[in-house]
Amino acid sequence: MKYQYLWEKLTENNINLNINELDPELQAYLRNTTNNLANHYGDDAKFVFLERKSNDVLVVDLANVNSNEVTLFKAMNCSGGYGTDILGSELDKLADMVSNFIKTSFPTTDEFHSYDRYLLVNSILKLISKHTNTTSNDWEITFTSTGTEAIDLAMQLIMLDGYSLQNNINAKKEKDVIFACHGAWHGWGLNSNQLLDRKQFTGGIPRISNDYKVVFIHYNNIENLRKKFSLYKGRIKSIVVEGILGDGGVIVGDDVWWEELFKLASEENATILDDEIFTGFRCGGVLAIPKGFSPDCITIGKALGGSLFPISAVIWKKNKFNIRPGIGVRTFNARPFQAKIVNEIIQTIIDNNLFQRSEDLGNYFYQKLNILIQNDNYLFKEVRGKGLFIGLELSRKFAKKGRIIRDILLRNGILVEVESGQLGLHIDREYRIHETIRIAPPLTISKSDIDYIVEQIKKTIKTLKD
Amino acid sequence: MDNNQIEQKVRNFLLDEMMKDEVKNISNDDILMLDSIEQVEMRVFLEEEFSIVLDNQTEPFTTITQIIQIIHNN
């Protein structure tokens with residue numbers, strides 16, 4: 001390992017080092033980390049991640065870098081890099097295969113077939129059909145790179161539903177309403193941006209309002225759902241919904257709400273797009289949506305590439321959508337190199353029974369955190385989630401201090417991320433959700449790891465009180 | 001709307017919408033310490049609540065006094 005000498009210095013939880021003790025290349029970098037990289041979060045990052053060993057990340061804290069001092073510590077990976085890392089330490093076992101894949105894979109395009117992609121399609125559709133109580137032949141699938149591209153393509157399928165290129169007629173013109181959810185995040189592109197409800201994301205970006213009206217519903221709120229379906233009866237073309245509402249505060253839809261959503265959509269002849277880009281593979285199954293429910297279109301991504309590279313998929317019912325020639329062509333459409341690795345990732349999940357593991361460990365984790373909050377709600381007011389996608393909603397005192405809390409948790413040895421919750425003038429008070437700490441560890445995490453994480457959270461709460 | 005009413009609206013926004021409890025104990029000239037996302041939220045609030053359009057040259061929001069002044073100027 002490149003930084004073995006630094007791992008060896010970590011005899012305690014964290015150590016302070018004079019920056020001159022580091023190798024010159026690293027010194028120079030730590031003194032100027034930003035370079036010309038765009039800053040998406042407004043404030044400069046205070047940490048540098050150097051290397052992974054098992055489920056730990058070697059971190060440098062730059063808080064005192066201007067005084068020539070840095071703090072070195074290791075943190076347990078509970079974020080998976082926006083949830084992409086589901087295999088964690090199991091990734092090590094793929095390392096030798098990847099080397100061989102590079103030597104034997106060839107570049108191909110959408111215009112030709114490859115056996116590796118054929119195998120990948122089979123394995124994904126087998127999982128999807130089992131979860132949705134359908135057959136593989138009910139579905140068609142294509143691959144994109146990022147999740148944003150997947151949503152973009154899915155949105156185009158929705159918009160093209162009913163349209164004929166031959167006569168330029170939209171047979172479903174009266175269907176001009178698309179439902180999306182308050183607090184949802186579907187990626188950063190012109191199409192996915194239409195599905196967001198916060199001005200800091202949407203301001204200045206053109207809307208599709210000439211052709212469609214995007215109406216926002218409150219996730220897992222059955223009265224609101226019925227009211228909106230009644231209000232826009234006859235006009236609703238599609239409902240875009242996440243398997244679990246992520247950025248809006250990790251809200252899990254209950255079975256009754258999903259049942260009502262599917263019933264109302266069916267009566268309205270509206271399609272359902274289930275965005276599982278974050279939730280797919282990590283919530284006790286291939287999808288977070290309860291088993292037996294069968295959306296018309298599904299997007300998966302993030303975990304699909306095992307944190308190694310972006311690969312996503314759009315999967316749709318053949319009897320609901322179709323893709324005309326020229327639409328959706330991608331440079332990287334599950335090329336053999338990618339397909340081989342993703343096949344191995346899926347096989348690892350199956351061989352290690354990781355879906356069941358994520359459900360069991362998720363329940364264990366959830367119970368421990370629930371007990372913690374029942375005993376002490378100083379920092380967190382509620383725990384929510386499913387499988388190994390867990391959200392800790394911050395209390396009123398820390399409602400908008402998510403990134404500060406994230407940094408403290410990181411310094412205490414656990415790497416988490418922050419969900420925005422649902423705040424702001426556009427959300428009625430009764431529906432507001434504070435910023436929420438997201439815990440999304442690899443599915444290979446152990447019970448003792450979970451015990452460690454909970455202890456570090458307790459330690460963080462104590463530090464904040466002191 | 002007079003200065004007191006504007007101040008109350010701004011304070012209510014900081015307290016209720018931006019969850020800045022410290023606003024209860026600060027004067028109009030104390031520094032607010034708004035991060036970049038909060039700067040955007042304040043801008044959106046001023047646009048929606050007071051129907052004012054701020055150009056890109058507007059200085060970052062620092063104090064309640066300065067925010068009231070910006071509202072008056074626009």
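Owing to the predicted nature of the structure, the values given are computational and were not obtained by experimental measurement.

A few points about the overall build of chain A
A count of helices and strands for chain A gives 14 helices and 20 strands. Against the compact-globule benchmark of 23 Å for 466 residues, chain A has a radius of gyration of 23 Å, which places it among compact chains. Dimensions of chain A, computed from the C-alpha atoms along their principal axes, are close to 70 × 55 × 45 Å. Across the 466 residues that make up chain A, the buried fraction comes to 55%. Restricting to contacts in chain A with at least 6 residues of sequence separation, those with at least 24 account for 70%. If you average the places of the 56 positive and of the 57 negative side-chain charges in chain A, the two averages end up 3 Å apart.

Regarding the interface of chain B and chain A
Facing 18 residues of chain B, the contacting portion of chain A comprises 16 residues. Both faces considered, chain B and chain A share a buried interface measuring about 1,400 Å² in area, 47% of it formed by carbon and sulfur atoms. The interface formed by chain B and chain A contains six salt bridges. At the junction of chain B and chain A, the tally comes to six residue pairs in polar contact (both at pLDDT 80 or more). At the level of secondary structure, the elements contributing two or more residues to the side of chain B that touches chain A comprise α1 (3–17) and α2 (36–50) of chain B. If one sorts the elements of the side of chain B that touches chain A by residue count, α2(B) sits on top with nine residues.

Overview of the layout of surface pockets
All names here are of chain A. Taken as a whole, the second largest pocket holds about 550 Å³ of empty space. Taken together, 22 residues form the lining of the second largest pocket, with Asp110, Arg117, Ile141, Thr142 and Asn333 sitting closest to its centre. When contributions to the lining of the second largest pocket are tallied by element, the ones reaching two or more residues are α5 (115–132) and β5 (139–144). Grouping the amino acids of the lining of the second largest pocket by side-chain chemistry returns ten nonpolar, seven polar and five charged.

Some details on the packing of aromatic side chains
Residue and element names in this part refer to chain A. According to the stated counting rule, one finds 18 aromatic pairs over all chains in the structure shown. Centre to centre, the rings of tryptophan 185 and tryptophan 188 are 5.9 Å apart; their planes meet at 10°, and the pair counts as stacked. With a centroid separation of 6.4 Å and an interplanar angle of 45°, the aromatic rings of tryptophan 258 and phenylalanine 262 are classed as tilted. Residue tryptophan 258 and its partner phenylalanine 262 are both found in helix α10 (residues 255–268); the two are separated by four residues, about one turn of the helix. Of the residues examined, tryptophan 258 reaches a relative accessible area of 0% and is grouped as buried. What links up through ring pairs into an aromatic cluster is the set Tyr219, Trp257, Trp258, Phe262 and Phe293. Positioned above the aromatic ring of phenylalanine 332, the side-chain terminus of arginine 335 is 4.1 Å from the ring centre. Over the ring of tyrosine 364 we find lysine 447; its NZ or CZ atom is 4.7 Å from the centre of that ring.

Some thoughts on the packing of helix α4 (residues 95–104) of chain A against helix α11 (residues 336–351) of chain A
In a pair of packed helices, the angle between the axes and the distance between the axes together describe the arrangement. Residue and element names in this part refer to chain A. As a packed pair, α4 and α11 sit with axes 9 Å apart at the nearest point and diverge in direction by 155°. Between α4 and α11, the angle is such that the two are roughly antiparallel. Viewed along their axes, α4 and α11 form a crossing whose handedness is right-handed. Across the interface between the two elements, Met97, Val98, Phe101, Ile102 and Thr104 of α4 pack against Phe337, Lys340, Ile341 and Glu344 of α11. Classifying every residue of the contact of α4 with α11 gives six nonpolar, one polar and two charged.

So, the sheet that holds strand β17 (residues 389–394) of chain A
All names here are of chain A. Read from one edge to the other, the open sheet built from four strands follows the order β16-β17-β20-β19, with strand pairing classed as antiparallel. Each end of this open sheet is capped by a strand with a single partner; those strands are β16 (380–386) and β19 (417–419). Looking at each pair of strands side by side, their axes are set apart by 30° on average, direction ignored. Packed on one face of the sheet, helix α12 (residues 354–375) meets β16, β17 and β20 (436–439) and runs near 170° to β16.

A look at the confidence of the model for chain B
All names here are of chain B. Residues of chain B with pLDDT of at least 70 account for 100%, and the chain-wide mean is 88. Confidence, expressed as mean pLDDT per element, reaches its minimum in chain B at α2 with 85 and its maximum at helix α3 (residues 64–73) with 92. Among the prediction metrics, the complex's ipTM stands at 0.72, with pTM recorded as 0.93.

Quick word on the environment of A:Val416
Residues and elements named next belong to chain A. Relative to the helices and strands, valine 416 is located in the loop between β18 (414–415) and β19. Classification of valine 416 by relative accessible area gives buried; the value is 2%. The spatial distance from the C-alpha of valine 416 to the C-alpha of methionine 1 is 24 Å, given a sequence separation of 415 residues. Residues within four places of valine 416 in sequence aside, it is in contact with Cys78, Ser79, Arg406, Leu409, Ile437, Arg438 and Ile439.

Brief notes about the sheet that holds strand β9 (residues 213–217) of chain A
Strand-to-strand pairing in sheets goes through backbone hydrogen bonds, with the strands running parallel or antiparallel. All names here are of chain A. Across the sheet, seven strands lie side by side as β5-β15-β14-β13-β10-β8-β9; this open sheet has mixed pairing. Each having just a single partner strand, β5 and β9 make up the two edges of the open sheet. Looking at each pair of strands side by side, their axes are set apart by 20° on average, direction ignored. Alignment of strand β10 (residues 236–242) against strand β13 (residues 271–276), held across five bridges, turns out to be parallel.

Calculation notes
Residues numbered from 1 in each chain as written. Chains lettered and ligands numbered in written order. Predicted model: local features only at pLDDT ≥ 70, side-chain atom pairs only at ≥ 80, totals over all residues. Heavy atoms only, no water. Helix = DSSP H or I, 4+ residues; strand = E, 2+ residues; numbered from the N terminus. Rg over C-alpha atoms; globule rule 2.2 N^0.38 Å. Buried < 20%, exposed > 50% of the residue type's maximum accessible area, 1.4 Å probe, protein only. Contact = heavy atoms within 4.5 Å. Lys, Arg positive; Asp, Glu negative; His and termini not counted. Charge placed at Lys NZ, Arg CZ, Asp CG, Glu CD. Buried area = accessible area lost by both parts, 1.4 Å probe. Salt bridge = Lys/Arg side-chain N within 4 Å of Asp/Glu carboxyl O. Polar contact = N/O pair within 3.5 Å; in protein donor to acceptor, adjacent residues only side chain to side chain. 1 Å grid on protein atoms, 1.4 Å probe; cavity = no way out; pocket = protein on both sides within 12 Å on 5 of 7 lines; lining within 4 Å. Points joined across faces, edges and corners; volume = space filled by probe spheres on them. Nonpolar A, V, L, I, M, F, W, Y, C, P; charged D, E, K, R; others polar. Phe/Tyr/Trp six-rings, centres within 6.5 Å; stacked < 30°, edge-to-face > 60°. Lys NZ or Arg CZ within 6 Å of the ring centre and 35° of its normal. Axes fitted to C-alpha atoms, helices over the stretch in contact; angles between N-to-C directions. Parallel < 35°, antiparallel > 145°, perpendicular 65-115°, else oblique. Left-handed = near helix turned anticlockwise from the far one by under 90°. Pairing = 2+ DSSP bridges. pLDDT = per-residue confidence, 0-100.

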